[in-house]
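These are the residues of each chain, in order.
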Amino acid sequence: MSFAAPEAFALLILPVLALLLRPPRERTASAAYLPPALAERMRGEAHGPPRAGLWAPALVWLLLVVALAGPQRTAELDLITASGRDIVLAIDLSGSMEKEDFLLDGAEVSRLDAVKSVASRFVEGRAGDRVGLVVFGDRAYVAAPLTHDVASVAHVISTLTVGVSGRSTAISDGLGLAMKRLEADGAGSRVVILLSDGVDTTGKIDPAEAAGLAAQLGIRVHTVALGPDSAVELFGRADALDVKTLGAVAAASGGQMFRVRTTDELQAVADAVDRLEPSQSDVPPIRAVRGYWMWPAGAAVVLSLAVLAAGRRLL
């Protein structure tokens, strides 16, 4: 509890000043002789409890001053407004994502399991954004449309399995479908996060060319290269990682490419994307002020009416 105008409490001293500065009352009559019994009774009443005429106006004034001071309470509203940002995750579900070369909580897990663990937490933290999901293998499919219900998208990510869209790697198709979902949207910020561990093998166009089109549409693409092995290290293997292409995709669209070899690095990528694309949940909470001045003001009015109704006997 706080007060909007605590300086109003200085008004409490006004009645005291009025009593101290008023001129003394002149006696208009001389003292009268009273019988001893009556005089003793009068003295007892004079030292009895104070009359309502003394405390009622003082209490009314106190209540009015408290109302003028503006008692209030500040509360934080659990409300997150829409950020105007749309994010589509494009996740590779090719056969190579089954390879178990990531560590998660001390256990060896597949690349897809590592992605599901980190990506679902990342999506759940995007309150205020609209988030969608595209998966690709031989072909690309929309697994979750753009929505503010980030919990449902995180749930879909947690249920992904390798092979549902084929076992090849059509990076350009996944990127193209993600761009198509964003193209018709009027969001102020549109972002694709592409996660892949292979070389584009079945795409119909070059991924870098698709990224150039994304830049023209105002769509930024961040790419995440998953796995310890690159195409240079494993030349000629279908499951090798094409770091060069993923880097070109990010550069052509104004995004960034991240090379990920461990689960910790994957989590660091999620943190880095949070910094590049700040979440609405990082905005300071909305604070609402609720005033309570009407309670002391109402009490002062009720007490004043009660005093008036009682008549001059209380004064």
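Residues numbered from 1 in each chain as written. Predicted model: local features only at pLDDT ≥ 70, side-chain atom pairs only at ≥ 80, totals over all residues. Heavy atoms only, no water.

(A) Region of interest: the overall build of the protein. For the protein, the helix and strand inventory stands at 10 helices and 11 strands. Taking all 315 residues of the protein together, 39% fall into the buried category. Nonlocal contacts in the protein, meaning residues at least 24 apart in sequence, comprise 81% of its contacts between residues at least 6 apart. Carbon and sulfur atoms make up 60% of the accessible area of the protein, which totals about 17,900 Å². (Helix = DSSP H or I, 4+ residues; strand = E, 2+ residues; numbered from the N terminus. Buried < 20%, exposed > 50% of the residue type's maximum accessible area, 1.4 Å probe, protein only. Contact = heavy atoms within 4.5 Å. Areas by Shrake-Rupley, 256 points an atom, 1.4 Å probe, with all protein chains shown as cover.)

(B) Region of the structure containing the nonpolar core. Counting 36 residues, the largest nonpolar core has Leu89, Val123, Leu133, Ile193, Val224 and Leu266 as its most contacted members. Sorting the residues of this core by element identifies strand S3 (85–92), helix H4 (111–124), strand S6 (130–136), helix H5 (150–158), strand S8 (189–196), strand S9 (219–226), strand S10 (257–260) and helix H9 (263–276) as the ones contributing at least two each. If one sorts the elements of this core by residue count, H4 sits on top with seven residues. Those residues in contact with Val123, other than ones at most four positions away along the chain, are Leu89, Val131, Val150, Val153, Ala154 and Ile157. Listed in part, the 24 residues of the second largest apolar core include Ala178, Ala210, Ala214 and Leu246. (Core = buried A, V, L, I, M, F, W, Y, C linked by side-chain atoms within 4.5 Å.)

(C) Geometry of the environment of Phe102. Mapped onto the elements, Phe102 comes out in strand S4 (residues 102–104). The class of Phe102 is buried, set by a relative accessible area of 0%. In sequence terms Phe102 and Arg261 are 159 residues apart; their C-alpha atoms lie 7.4 Å from each other.

(D) Representation of the packing of helix H6 (residues 171–183) against helix H7 (residues 207–216). Where H6 contacts H7, the axes come no closer than 9 Å and their chain directions differ by 15°. It follows from the interaxial angle that H6 and H7 lie roughly parallel. In this structure, H6 meets H7 at a crossing whose hand is left-handed. Where H6 approaches H7, its residues Ile171, Ser172, Leu175 and Met179 are matched on the opposing element by Pro207, Ala210, Ala211, Leu213 and Ala214. Taken together, the residues of the contact of H6 with H7 sort by class into eight nonpolar, one polar and no charged. (Axes fitted to C-alpha atoms, helices over the stretch in contact; angles between N-to-C directions. Parallel < 35°, antiparallel > 145°, perpendicular 65-115°, else oblique. Left-handed = near helix turned anticlockwise from the far one by under 90°. Nonpolar A, V, L, I, M, F, W, Y, C, P; charged D, E, K, R; others polar.)

(E) Main features of H4. The terminal C-alpha atoms of H4, which comprises 14 residues, lie 20 Å apart, in line with the 20 Å expected from a rise of 1.5 Å per residue. With 11 of its 14 residues buried, H4 lies for the most part within the structure. Within H4, the full set of buried residues consists of Arg111, Leu112, Ala114, Val115, Lys116, Ser117, Val118, Ala119, Ser120, Phe122 and Val123. (Expected span 1.5 Å × (residues − 1).)

(F) Broad picture of the pairing of S6. Across the seven residues that make up S6, a large majority, six, are buried. With seven bridges joining them, S3 and S6 adopt parallel strand pairing. Paired with Asp86 across the strands is Arg130, a residue of S6. Pairing of S6 with strand S7 (residues 140–147), which is carried by five bridges, proceeds in the antiparallel orientation. Each residue of the ladder has a partner; that of Phe136, found in S7, is Ala140. Counting the residues that bridge the hairpin from S6 to S7 gives three residues. (Pairing = 2+ DSSP bridges.)

(G) Fine view of a nonpolar patch on the surface. A cluster of nonpolar side chains, namely Ile13, Leu14, Val16, Leu17, Leu20 and Leu21, defines an oily patch on the protein surface of about 590 Å² accessible area. Looking at the secondary structure, you find Leu14 in helix H1 (residues 14–21). (Patch = residues over 30% accessible without salt bridge, like charges linked within 9 Å, V, L, I, M, F, W, Y side chains within 5 Å. Salt bridge = Lys/Arg side-chain N within 4 Å of Asp/Glu carboxyl O.)

(H) Local environment of the sheet that holds S7. The mixed open sheet is built from six strands, whose spatial order is S7-S6-S3-S8-S9-S10. Looking at which strands have only one partner, the edges of the open sheet turn out to be S7 and S10. The sheet shows a mean angle of 15° between the axes of neighbouring strands, taken without regard to direction. Where H9 meets the sheet, it contacts S8, S9 and S10, and its direction lies at approximately 160° from that of S10.

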